[in-house]
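Read off the chains here:
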Amino acid sequence: MTRILIAEDAPVSRRLLQALLTQWGYSVEVAKDGVEALEALLRPGAPQLAILDWEMPGLSGPEVCHRARARSDAEYCYLLLLTSRDGRTDLVQGLRAGADDYVTKPFDPGELQARLRTGERILALQRQFLEAQEALRLQASRDSLTGLYNRRVVLERLDEELARAGREASELSVLILDADHFKRVNDRYGHQAGDDTLHELASRLGSVLRPYDSLGRYGGEELIAVLPGCDEEGALEVAERMRSAVDSIPLATRAGPVPLTISIGSATWSGRGNGDTLIARADEALYRAKSAGRNRVEKAALVLPRAIASVEQAALV
Ligand code: GH3
Ligand code: MG
Ligand code: MG
Ligand code: MG
C-alpha cells in the first residue's frame, strides 16, 4: 500500500482528503501544520508521496518543500502543493521551492487522483533506477563465479585498511590462499565441477570470517583475505579455521562431493611497507606451505626493523 502524507491545517479539508485517499487505497499519515509536515518528511522511512497545503501555520507548503529538498541524503519524495491561489507567479514560486506539481482548491477529485498516479509512476521509475544502479555497483565489485570481491576491489580494501591501520596504529593481516592440486580437480571432475568447487570454497570460507574482513578472488584459484585489527596470532587462528573448514568436509558440486585442501600464507603488517610488500610476504609464506606438503598454514618471515637490519647487513660485510 502506498503511503502518503497529508499536511493541511483546516480540519474539514483534512478529513475530506483523508477519507478520499483512504478510499483510493492509500495508507494516510496526517500533519496539522508545516512544522509537523517537515518532521514527518525527514523522519527515516517517511512516506514518499505528500500533499501539502500552501497556507499553513508554522511553515508554508513551499517552505516545507524547500527545506525537505535541502536534505539531499533523504529518499526522493514526490511533493504536491494544494493551493487556492492561481496567480502564475505564486505557482512558479511553489515549483521553484521544490514542489513537483500542484492542484488548485477546490480540487476536482478525478484530477487529484490522476496527478497522484503521475507521482507514483515517477517514484516507481526512480526505484527502478536505484535498483539498476545498485545491481551495477555489485556487478562491478564482485567476481561472478565466486561472488567474492574481485581483485581490484579487494586490493582497494587492503589499501584503505592499511591507511587506517597507519592512522590508528592498529593491526592488520593478510592471508593468501591457494587450492591444492587444483589441476587434478579439473582433470578428474571436469572444469565445470571445478567451477562449482571454487564457488563452494568461497562460501565456506566466507562463513569463517568476521563481518569486517574482506575476502576476494586474487587470481584463478587463489584468494586473498584482508583482516583488519588482526595480529599475527589472530591471523594464524583464522587461517587454521579456514584450512580445517575446507579439509573437513568435501565440497558439493554437480559431479558429486569433491575433497579439497588449501594452503595459506599469512603476513601481518609491521608498520612499514605497502600492500604489495605485505602480499609478497604472504606469497612467500604460501610458497613454503606448498613445499612443506600443502594443506597447511605458514606465516611470513619476521620483518626486522630497519636499524637492526642494517646493523646485521653491516656485520655481514
Ligand atoms: P598447487 O597445489 O601447487 O597449487 O597445484 P595446482 O594444480 O593448484 O596448481 P596451480 O595453482 O598453479 O594451478 C591452478 C589451476 O587452477 C590451473 C587452472 O586450470 C585452474 N583454475 C584457475 N581458475 C579456474 C577457474 O575459474 N575454474 C576452474 N575450473 N579452474 C580454474
Ligand atoms: Mg491552509
Ligand atoms: Mg593451486
Ligand atoms: Mg594457483
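Residues numbered from 1 in each chain as written. Chains lettered and ligands numbered in written order. Predicted model: local features only at pLDDT ≥ 70, side-chain atom pairs only at ≥ 80, totals over all residues. Heavy atoms only, no water.

K.L.:
Pulling in residues and values, what's your account of the sheet that holds strand S12 (residues 297–299)?
P.N.:
Spatially, the five strands line up as an open sheet ordered S7-S8-S6-S11-S12, and their pairing is mixed. One side of each edge strand has no neighbouring strand; the edge strands of this open sheet are strand S7 (214–219) and S12. The average angle at which neighbouring strand axes cross in this sheet is 20°, direction not considered. In the packing of helix H6 (residues 151–168) onto the sheet, the strands contacted are strand S6 (172–179), S7 and strand S8 (222–228), and the crossing angle to S7 comes to about 130°. The strands touched by helix H10 (residues 275–291) within the sheet are S6, S7, S8, strand S11 (262–268) and S12, with S11 carrying the most contacts at an inclination of about 145°. (Pairing = 2+ DSSP bridges. Helix = DSSP H or I, 4+ residues; strand = E, 2+ residues; numbered from the N terminus. Axes fitted to C-alpha atoms, helices over the stretch in contact; angles between N-to-C directions. Contact = heavy atoms within 4.5 Å.)

K.L.:
Please provide a residue-by-residue account of the coordination of the magnesium ion (ligand 2), values included.
P.N.:
Coordination sphere of the magnesium ion (ligand 2), protein contribution only: Asp9 (OD), Asp53 (OD) and Glu55 (O), at 1.9 to 2.2 Å. Mapped onto the sequence, the residues coordinating the magnesium ion (ligand 2) show the spacing D-x43-D-x1-E. One end of the pair, aspartate 9, is in the loop between strand S1 (3–7) and helix H1 (11–23); the other, glutamate 55, is in the loop between strand S3 (49–53) and helix H3 (61–70), with 46 residues separating them in the sequence. (Donors = N, O, S within 2.8 Å, 3.2 Å for Na, K, Ca; no water.)

K.L.:
Which residues make up the site of ligand 1, and what values go with them?
P.N.:
Ligand 1 sits among 17 residues. The nearest are His181, Phe182, Asp195, Arg217 and Arg294. Contact distances for ligand 1 include 2.7 Å between an oxygen atom and a side-chain N or O atom of arginine 217. Here ligand 1, which alone exposes 640 Å², has 72% of that area covered by the protein. Only S6, helix H7 (182–189) and helix H8 (191–206) provide two or more residues apiece to the shell around ligand 1. No other element matches the four residues that H8 contributes to the shell around ligand 1. Classifying every residue of the shell around ligand 1 gives four nonpolar, five polar and eight charged. (Near = heavy atom within 4 Å. Polar contact = N/O pair within 3.5 Å; in protein donor to acceptor, adjacent residues only side chain to side chain. Areas by Shrake-Rupley, 256 points an atom, 1.4 Å probe, with all protein chains shown as cover. Nonpolar A, V, L, I, M, F, W, Y, C, P; charged D, E, K, R; others polar.)

K.L.:
Explain the packing of aromatic side chains to me, using residue names and the numbers behind them.
P.N.:
In total, this model carries zero aromatic pairs according to the counting rule given. The lysine or arginine in question, arginine 142, covers the ring of tyrosine 149, its NZ or CZ lying 4.3 Å from the ring centre. If you follow arginine 151 out to its NZ or CZ, it ends over the ring of tyrosine 218, 4.2 Å from the centre. (Phe/Tyr/Trp six-rings, centres within 6.5 Å; stacked < 30°, edge-to-face > 60°. Lys NZ or Arg CZ within 6 Å of the ring centre and 35° of its normal.)

K.L.:
Talk me through the pattern of salt bridges; I want residue IDs and the actual numbers.
P.N.:
For the structure shown, the criterion picks out 21 salt bridges. The closest approach of N and O atoms between glutamate 160 and arginine 157, which form a salt bridge, is 2.8 Å. Here arginine 157 and glutamate 160 lie together in helix H6, a separation of three residues that amounts to about one turn. With relative accessibility at 43%, the residue glutamate 160 sits in the partly exposed group. On the basis of relative accessibility, which here comes to 18%, the residue arginine 157 falls in the buried class. Arginine 254 is the partner of aspartate 196 in a salt bridge, and the nearest nitrogen-oxygen pair spans 2.7 Å. Separated by 58 residues along the polypeptide, aspartate 196 in helix H8 and arginine 254 in the loop between strand S9 (251–253) and strand S10 (256–258) bring together distant segments of the chain. (Salt bridge = Lys/Arg side-chain N within 4 Å of Asp/Glu carboxyl O. Buried < 20%, exposed > 50% of the residue type's maximum accessible area, 1.4 Å probe, protein only.)

K.L.:
Which residues make up the coordination of the magnesium ion (ligand 4), and what values do they have?
P.N.:
Within the first shell, the magnesium ion (ligand 4) binds the protein through Asp178 (OD) and Glu221 (OE), at distances of 2.1 to 2.2 Å. Here the magnesium ion (ligand 4) and the magnesium ion (ligand 3) are spaced 3.5 Å apart, with aspartate 178 acting as a shared donor. Note that aspartate 178 is positioned in strand S6 and glutamate 221 in the loop between S7 and S8, a separation of 43 residues in sequence. For aspartate 178, a relative accessible area of 10% translates into the label buried. Glutamate 221 sits in the buried class, given a relative accessible area of 19%.

K.L.:
Any chance you could break down the environment of alanine 163 for me, citing the residues and the numbers?
P.N.:
Among the secondary structure elements, alanine 163 is positioned in helix H6. Put simply, alanine 163 and glutamate 134 are 29 residues apart on the chain and 27 Å apart in space, counted from C-alpha to C-alpha.

K.L.:
Tell me about the packing of H7 against H8, and please be specific about residues and values.
P.N.:
Helix-helix packing: each pair is described by the crossing angle between the helix axes and the interaxial distance. Interhelical geometry of H7 versus H8 gives an angle of 130° and a closest axis separation of 7 Å. Regarding the angle of H7 to H8, the classification is oblique. Residues Phe182, Val185, Asn186 and Tyr189 of H7 touch H8, and the partners they reach there are His191, Ala193, Gly194, Thr197 and Leu198. Residues belonging to the contact of H7 with H8 are distributed by class as follows: five nonpolar, four polar and no charged. (Parallel < 35°, antiparallel > 145°, perpendicular 65-115°, else oblique.)

These figures come from the coordinates and say nothing about function on their own.
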